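Spelled out, the chains give:
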Amino acid sequence: MRITGISTHVVGTPWRNLTYVQVHTDEGITGVGETRMLGHTDALIGYLREAEANHILGSDPFATEDLVRRMKYGDYGRAGEIVMSGIAVIEMACWDIKGKALGVPVWQLLGGKVTDKVKAYANGWYTTERTPEAYHKAAQGVMERGYQALKIDPFGTGHFELDHQQTLYAVSLIEAVRDAIGPDAELMLEMHGRFSPATAVRLARELAPFKPAWLEEPVPPENLKALEKVAAKVDMPVATGERIHDRIEFRELFESQAVDIIQPDVGHIGGIWETRKLAATAETHYVLVAPHNVGGSVLTAASLQVGFTSPNFKILEHFNDFADADIKKVVKGAPQVVDGYFHLSDAPGLGVEFDADAAAEFPQQQARFDLWAEGWEQRKPKGSAE
């Protein structure tokens with residue numbers, strides 16, 4: 001079997017463009033991969049155009065490891081977010097092809113299942129007025145849909161510092177959410193790398209009474225010493241990793257012992273097998289895995305292949321029941337959350353099929369997502385349609 005070409009499809013919303021890539025073969029089997037780029041969609045498509053000619057055409061989709069190696073190192077320059085995302089979409093499509101050709105789900109090819117279900121947590125649910133009352137109502141809606149966990153960044157446009165008044169308001173939002181979801185549901189606290197170590201520690205202590213399940217990206221990701229400072233002073237699990245695009249770069253993070261949960265994005269770190277390798281390394285450091293997952297249903301399906309096969313997999317993020325729920329129609333067989341969990345599927349490959357005709361209803365947009373802009377949490381960039 002050989003790869004005869006690829007086709008790219010961009011599914012657009014005002015705040016995110018999702019890139020789907022179909023990999024075609026001479027035996028008529030087509031696989032699909034997906035990633036979500038922030039502001040780099042055209043760059044990704046440009047890279048894939050070159051990579052198709054230089055590396056992908058004529059390759060054996062079953063020789064995935066070799067294809068990934070050639071794409072990562074064959075151009076000599078150091079692979080960053082764009083290259084690793086390009087590798088990811090091709091890699092997961094190759095796994096999809098292999099599963100379909102053999103008539104088995106990808107998780108079976110990764111060593112078999114260790115669980116029948118993966119817990120989900122909701123994100124994108126607080127696209128409403130930023131008040132305790134509105135957040136309380138929205139959080140209740142999440143629980144009514146069967147979720148048992150959700151995540152929130154309550155800090156507005158906070159950057160490095162957060163003054164006393166803004167701190168009190170953030171606390172009031174979290175208090176309202178915890179009241180809405182009850183004592184048993186998990187509440188993930190997201191900081192988006194906003195703060196200095198001192199501010200992150202202070203805020204973590206202010207919010208500790210509401211029992212956050214983890215503290216995510218308390219400081220910008222470039223300085224591990226800053227993260228170590230936070231981890232040494234807070235009494236809750238620390239999570240990070242969505243902006244690391246090469247599993248090798250996790251080595252120093254593991255050595256620092258500053259993280260309890262890593263959050264690689266399958267669509268940015270080279271795909272399914274790269275993430276599974278990283279999960280195995282994390283297991284040797286007693287670290288859990290909870291992938292960043294801000295894409296659509298193909299990326300969710302790919303992430304679940306890792307989840308069903310990794311003993312240290314904690315939970316999977318899910319946006320698509322709340323933000324841009326309509327985009328689920330571009331994928332047939334999209335994974336669904338039932339009673340708070342994704343359940344094992346025996347469908348071959350990734351278990352999903354991309355619908356190009358449905359995708360055409362969501363053309364690429366000049367998507368913008370600015371975490372420092374007022375009202376970012378509503379995911380309606382300035383100038384977009386309501």
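Residues numbered from 1 in each chain as written. Predicted model: local features only at pLDDT ≥ 70, side-chain atom pairs only at ≥ 80, totals over all residues. Heavy atoms only, no water.

**Observations concerning the layout of surface pockets**
Phase 1: The space that makes up the largest pocket amounts to roughly 570 Å³.
Phase 2: Of the residues assigned to the lining of the largest pocket, the class counts are nine nonpolar, seven polar and ten charged. (1 Å grid on protein atoms, 1.4 Å probe; cavity = no way out; pocket = protein on both sides within 12 Å on 5 of 7 lines; lining within 4 Å. Points joined across faces, edges and corners; volume = space filled by probe spheres on them. Nonpolar A, V, L, I, M, F, W, Y, C, P; charged D, E, K, R; others polar.)

**Points about a nonpolar patch on the surface**
Phase 1: A cluster of nonpolar side chains, Phe62, Leu102 and Leu109, forms an exposed patch at the surface whose accessible area comes to about 250 Å².
Phase 2: With respect to the element layout, phenylalanine 62 can be found in the loop between helix H1 (41-56) and helix H2 (64-73).
Phase 3: Among the residues examined, phenylalanine 62 registers a relative accessible area of 35% and is labelled partly exposed. (Patch = residues over 30% accessible without salt bridge, like charges linked within 9 Å, V, L, I, M, F, W, Y side chains within 5 Å. Areas by Shrake-Rupley, 256 points an atom, 1.4 Å probe, with all protein chains shown as cover. Salt bridge = Lys/Arg side-chain N within 4 Å of Asp/Glu carboxyl O. Helix = DSSP H or I, 4+ residues; strand = E, 2+ residues; numbered from the N terminus. Buried < 20%, exposed > 50% of the residue type's maximum accessible area, 1.4 Å probe, protein only.)

**So, the nonpolar core**
Phase 1: Within the largest apolar cluster, 94 residues are counted, with the highest numbers of intra-cluster contacts made by Trp125, Leu150, Ile262 and Ile272.
Phase 2: Considering every element that reaches this core, the biggest residue donor is helix H6 (residues 164-181), with seven residues.
Phase 3: Apart from the residues within four sequence positions on either side, isoleucine 272 is in contact with Glu91, Met92, Trp95, Val106, Leu110, Val266, Ala302, Gln305, Val306 and Leu350.
Phase 4: Grouped together as the second largest cluster of nonpolar side chains are 22 residues, Val23, Ala51, Ile87 and Ala93 included. (Core = buried A, V, L, I, M, F, W, Y, C linked by side-chain atoms within 4.5 Å. Contact = heavy atoms within 4.5 Å.)

**A few points about the pairing of strand S3 (residues 30-37)**
Phase 1: Burial of S3 is extensive: seven of the eight residues sit out of reach of the surface.
Phase 2: Summarising the sheet, strand S2 (residues 17-25) and S3 pair through eight bridges and their orientation is antiparallel. Residue pairing across strands places valine 23 opposite glycine 31, the latter belonging to S3.
Phase 3: From the end of S2 to the start of S3, which pair antiparallel, there are four residues, and glycine 28 there has a positive phi angle of about 80 degrees. (Pairing = 2+ DSSP bridges.)

**Observations regarding the packing of H2 against helix H3 (residues 81-102)**
Phase 1: Axis separation between H2 and H3 bottoms out at 10 Å; the angle between their running directions is 165 degrees. On the basis of the axis angle, H2 is roughly antiparallel to H3. Regarding H2 and H3, the two cross each other, and that crossing is right-handed. In this structure, H2 contributes Thr64, Leu67, Val68, Met71 and Lys72 to the contact, and H3 contributes Val83, Met84, Gly86, Ile87, Ile90, Glu91, Cys94, Trp95 and Lys98.
Phase 2: Partitioning the contact of H2 with H3 into residue classes produces nine nonpolar, two polar and three charged. (Axes fitted to C-alpha atoms, helices over the stretch in contact; angles between N-to-C directions. Parallel < 35°, antiparallel > 145°, perpendicular 65-115°, else oblique. Left-handed = near helix turned anticlockwise from the far one by under 90°.)

**Topic: empty space enclosed by the protein**
Phase 1: Within this structure, the stated rule accounts for one cavity of 30 Å³ or more.
Phase 2: The volume enclosed by the largest cavity comes to roughly 40 Å³.
Phase 3: Taken together, Thr64, Glu65, Val68, Glu91, Trp273, Glu274 and Lys277 make up the full set of residues lining the largest cavity.
Phase 4: Residue composition of the lining of the largest cavity, by class: two nonpolar, one polar and four charged.

**A word on the environment of aspartate 324**
Phase 1: Mapped onto the elements of the fold, aspartate 324 is located in the loop between strand S11 (316-318) and strand S12 (331-332).
Phase 2: Spatially, the C-alpha atom of aspartate 324 lies 25 Å from that of glycine 158, the residues being 166 residues apart in sequence.
Phase 3: Those residues in contact with aspartate 324 that lie beyond four places of it in its chain are Thr13, Trp15 and Arg16.

**Observations regarding the sheet that holds S3**
Phase 1: As summarised here, the arrangement of the three strands in space is S1-S2-S3, forming an open sheet in which the pairing is antiparallel. In this open sheet, the two edge strands, each paired with only one partner strand, are strand S1 (3-12) and S3. This sheet shows a mean twist of 20 degrees between the axes of neighbouring strands, independent of strand direction.

**Some details on the pattern of salt bridges**
Opposite charge on two side chains lets them pair, provided their charged atoms get close.
Phase 1: Taken as a whole and judged by the stated rule, the model has 23 salt bridges.
Phase 2: Among the salt bridges present, the one from arginine 78 reaches glutamate 249, with a minimum N-O distance of 3.1 Å. With arginine 78 in the loop between H2 and H3 and glutamate 249 in the loop between strand S8 (238-240) and helix H9 (251-256), this residue pair connects regions lying 171 residues apart in the sequence.
Phase 3: Taking the shortest distance from any N to any O, the salt bridge between lysine 119 and glutamate 186 comes out at 2.9 Å. Taken together, the residues lysine 119 in strand S4 (residues 117-122) and glutamate 186 in strand S6 (residues 186-190) connect sequence positions 67 residues apart.

**Details of the UniProt feature "domain: Mandelate racemase/muconate lactonizing enzyme C-terminal" (unreviewed entry) in the protein**
Phase 1: If you check UniProt for "domain: Mandelate racemase/muconate lactonizing enzyme C-terminal" (unreviewed entry), the listed places come out as residues 132-237 in our numbering.
Phase 2: Helix and strand shares over residues 132-237 are 47% and 11% respectively, and the end C-alpha atoms of the span are 25 Å apart. (UniProt positions renumbered as here; feature names shortened; annotations may be inferred.)

**A look at the side chain of threonine 309**
Phase 1: Structurally, the position occupied by threonine 309 is in the loop between helix H11 (297-307) and S11.
Phase 2: Setting aside residues no more than four positions away along its own chain, threonine 309 makes contact with Trp107, Leu110, Gly112, Val114 and Arg276.

**Topic: the packing of aromatic side chains**
Phase 1: Applying the stated criterion to the full structure yields 13 aromatic pairs.
Phase 2: Between the aromatic rings of tyrosine 126 and tyrosine 135, the centroid separation amounts to 5.7 Å while the plane-to-plane angle is 65 degrees, which identifies the pairing as edge-to-face. When sorted by exposure, tyrosine 126 lands in the same class as tyrosine 135, which is buried.
Phase 3: Judged by centre distance (5.6 Å) and plane angle (55 degrees), the ring pair of tyrosine 147 and phenylalanine 322 falls under tilted. Residue tyrosine 147 is located in the loop between helix H5 (132-144) and strand S5 (149-152), and its partner phenylalanine 322 is located in the loop between S11 and S12; the two are separated by 175 residues in the primary sequence.
Phase 4: Among the residues examined, phenylalanine 322 registers a relative accessible area of 21% and is labelled partly exposed.
Phase 5: Among the aromatic residues, those joined into a ring-pair cluster are Trp15, Trp125, Tyr126, Tyr135, Phe319, Phe369 and Trp376.
Phase 6: Above the plane of the ring of tryptophan 95 lies lysine 98, whose end atom (NZ or CZ) is 3.7 Å from the centre.
Phase 7: Here the guanidinium or amino end of arginine 379 rests over the ring plane of tryptophan 15, the centre of that ring lying 4.8 Å away. (Phe/Tyr/Trp six-rings, centres within 6.5 Å; stacked < 30°, edge-to-face > 60°. Lys NZ or Arg CZ within 6 Å of the ring centre and 35° of its normal.)

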